[in-house]
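A look at the structure
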Amino acid sequence: MGFLGSLFKKKTPAPARPAPPAALSWRTTAVTRETPSSISFEVDATMDFKAGQFVLLRPTAALPWRAYSFSRGPGLPLRLTVKAVPNGAVSPYLTTKLAVGDVLEVKGPYGQFVLPATFQRALFIAGGSGITPFVSMLQAQEKLGWPTPITLLDFNRTATEQILKADLDALLASSGGKLELVHVLDDATSGPKGPPTKDNFLALFAGRENPDVVAMCGPEPMMDLARAVVLERYPGVTLLEEKFSVAHDGDPAGASHQVEFVQDGKSKTFPVKEGEHVLAAARKAGLNMSAGCEMGACGVCRVKVVSGSVQVPDDACLSDGEKADGYALVCVGTVKGDCKIEPAP
Ligand SMILES: Cc1cc2nc3c(=O)[nH]c(=O)nc-3n(C[C@H](O)[C@H](O)[C@H](O)COP(=O)(O)OP(=O)(O)OC[C@H]3O[C@@H](n4cnc5c(N)ncnc54)[C@H](O)[C@@H]3O)c2cc1C
Ligand code: FES
């Protein structure tokens, strides 16, 4: 494009804000124990989703919403798989109390943890329950006739904790050599051994062809380590990440700032502490702002920042262009000074 072209090039407008999703009711039709600490369950519903996406659900109105990825490919009977996190608010309930006939409140689907339409070779890195979206992705690849080679590194502490192993074995058998399945166990006496350390990752990458896509899903510490090793070993690779451990309750402390929210000509100002999510502070002040996933994944809570600034984590669903145009997400956004916001168009 010439100088004048770039000078007068119009900025692409930010995509319209999605409507808040209506909560759905799903009735549980089957509950299967996967391992001592995890279950899978099926429901009496259908949903259009992309392999790798998740829903938010809560088993009762008294419990908080939590995210769970589909553990089957699109078009198959819907299934979710949950591993108990000790002392967690929701997962111990689901893994010990969920029964056939129970009704769950559900919102979604959400998420950008989705493979590109085409790629040459993929490396998947899963930790524990982080295997769920990969089973969905692999079943989608199976439906496409296994167009591309994929290596899956499946990290678990012990063989008894391996989730969805029967599904993985069936995928391996159907893949005609396109899927390489590597089980990495902390207590392995033969074969690849964990835990996921830098040396163990490098040993697993050695001797394998370079991927153009790496997708990783699991608890945050493993992901942080894997990201650093992957970017060093495969510079320029397309990296997809889904963190399964999310801080739901921030630890607001320190200074308090004033946020002014302007809507339909009316204005309300409320205090937000450093580290506190703007949406949570707005609710405490009795202000009902639009929200969906409440974890930076859907864009429903997007606002325009009129003055000041709102910090949004890098992995939230806001493009660099939207950030540059002054958009922010209040569900995961925090402030370090006073600011003025209004609903995004
Ligand atoms: C996009 C997405 C998809 C997810 N998909 C699945 C899935 O398919 N299957 C599944 O079992 N889980 C999945 N999770 C995790 C799930 O949403 C919950 O975080 C998990 O079940 C714990 O919820 P809880 O209410 O029991 O624990 P909480 O009450 O939220 O947490 C209790 C404590 O455990 C820590 N914690 C929370 N989650 C984890 C974790 N995964 N590992 C280690 N520590 C943790 C918390 O920081 C907290 O200290 C997903 C998370 C995200 C963000
Ligand atoms: S509510 Fe979904 S991104 Fe904020």
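Confidence in the prediction for the protein chain averages 90 pLDDT; 92% of positions are at 70 or higher. In this model residues 1-10 is a low-confidence stretch, pLDDT under 50, and it forms 2 contacts with partners more than four residues away in sequence or in other chains.

In spatial order, the strands read 13-12-16-14-15; together these 5 strands make up an open sheet with mixed pairing. Since the sheet does not close on itself, it has two edges, and those belong to strand 13 (266-273) and strand 15 (327-329), each with one partner. Strand after strand, the sheet turns through a mean of 35 degrees between neighbouring axes, direction not considered. Two elements, strand 12 (residues 256-263) and strand 13, share 8 bridges in a ladder whose sense is antiparallel. The partner of V262 across the bridge, within strand 13, is S267.

Here the focus is the nonpolar core. F270, V278, M289, V310 and I341 are the most contacted members of the largest nonpolar core, which totals 29 residues. For this core, the secondary-structure elements that each account for two or more residues are strand 12, strand 13, helix 7 (278-284), strand 14 (302-307), strand 15 and strand 16 (339-343). Examining the composition of this core, we find that 4 residues originate from one element, helix 7, more than from any other. Among all residues touching M289, those that are not within four sequence positions of it are F261, L279, A282, V303, V330 and I341.

By nearness alone, 23 residues border ligand 1, and R66, A67, Y68, T81 and S91 come closest of all. The contact in question runs from an oxygen atom of ligand 1 to an N or O atom on the side chain of S91, over 2.6 Å. Contact between ligand 1 and T132: an oxygen atom at 2.9 Å from a side-chain N or O atom of the residue. About the coverage of ligand 1: the protein hides 79% of its 910 Å² of free accessible area. Contributing elements (two or more residues each) for the shell around ligand 1: strand 4 (66-69), strand 5 (79-83), helix 2 (91-97) and strand 11 (238-243).

Those residues of helix 5 (residues 198-205) not exposed but buried are F201, L204 and F205. Angular distribution of buried residues about the axis of helix 5 spans 100 degrees; they occupy a single face of the element. When the buried face of helix 5 is taken as reference, the exposed residues oriented beyond 90 degrees from it are D199 and A203. Note on helix 5: the residue one or two positions beyond its end, G207, has a positive phi of about 80 degrees.

Attention shifts here to the sheet that holds strand 11. In space, the 5 strands of this open sheet follow the order 9-8-7-10-11, with parallel pairing throughout. Every interior strand has two partners, whereas the edge strands, strand 9 (179-185) and strand 11, have only one. Strand-to-strand twist in this sheet, taken as the mean axis angle between neighbours without regard to direction, amounts to 10 degrees. Bridging between strand 10 (residues 213-218) and strand 11 involves 6 bridges; their strand directions are parallel. Residue pairing for strand 11: V214 is matched across the bridge by L239. Docked against the sheet, helix 3 (residues 132-143) engages strand 7 (122-127), strand 8 (150-156), strand 9 and strand 10, running at close to 150 degrees with respect to strand 7. In this fold helix 5 packs onto strand 7, strand 8 and strand 9, with an angle of close to 150 degrees to the strand it touches most, strand 8.

Once that is clear, we can look at the environment of F41. Here F41 is to be found in strand 2 (residues 38-43). Distance from F41 to A166, taken between C-alpha atoms, is 15 Å for residues 125 residues apart in sequence. Leave out the neighbours within four places in its chain, and F41 touches T28, A30, V31, L57, L78, R79, L80, V82, L98 and L104.

Here we come to the packing of helix 5 against helix 6 (residues 220-233). In contact at an axis separation of 10 Å, helix 5 and helix 6 are set at 45 degrees when each is read in the N-to-C sense. Taken together, helix 5 and helix 6 sit at an angle that is classed as oblique. As for how helix 5 packs across helix 6, the hand of that crossing is right-handed. Contacts from K198, F201, L202 and F205 in helix 5 reach L225, A226, V229, V230, E232 and R233 in helix 6.

What follows concerns the domain arrangement of the protein chain. Reports of interface size often rely on the accessible area that becomes lost once the parts have come together. Taken domain by domain, the protein chain holds domain 1 (24-110), domain 2 (122-243) and domain 3 (256-343). For domain 1 and domain 2, the distance between their C-alpha centres works out to 23 Å. Domain 1 puts 20 residues into the contact, and the matching count from domain 2 is 16 residues. Carbon and sulfur atoms supply 55% of the area that domain 1 and domain 2 bury against each other, a total of about 1300 Å² over both sides. For E161, the salt bridge identified is with K83, shortest N-O distance 3.2 Å.

Parameters and conventions
Residues numbered from 1 in each chain as written. Chains lettered and ligands numbered in written order. Predicted model: local features only at pLDDT ≥ 70, side-chain atom pairs only at ≥ 80, totals over all residues. Heavy atoms only, no water. pLDDT = per-residue confidence, 0-100. Contact = heavy atoms within 4.5 Å. Pairing = 2+ DSSP bridges. Helix = DSSP H or I, 4+ residues; strand = E, 2+ residues; numbered from the N terminus. Axes fitted to C-alpha atoms, helices over the stretch in contact; angles between N-to-C directions. Core = buried A, V, L, I, M, F, W, Y, C linked by side-chain atoms within 4.5 Å. Buried < 20%, exposed > 50% of the residue type's maximum accessible area, 1.4 Å probe, protein only. Near = heavy atom within 4 Å. Polar contact = N/O pair within 3.5 Å; in protein donor to acceptor, adjacent residues only side chain to side chain. Areas by Shrake-Rupley, 256 points an atom, 1.4 Å probe, with all protein chains shown as cover. Arc of directions from axis to C-beta. Parallel < 35°, antiparallel > 145°, perpendicular 65-115°, else oblique. Left-handed = near helix turned anticlockwise from the far one by under 90°. Domains from an automatic or database assignment. Buried area = accessible area lost by both parts, 1.4 Å probe. Salt bridge = Lys/Arg side-chain N within 4 Å of Asp/Glu carboxyl O.

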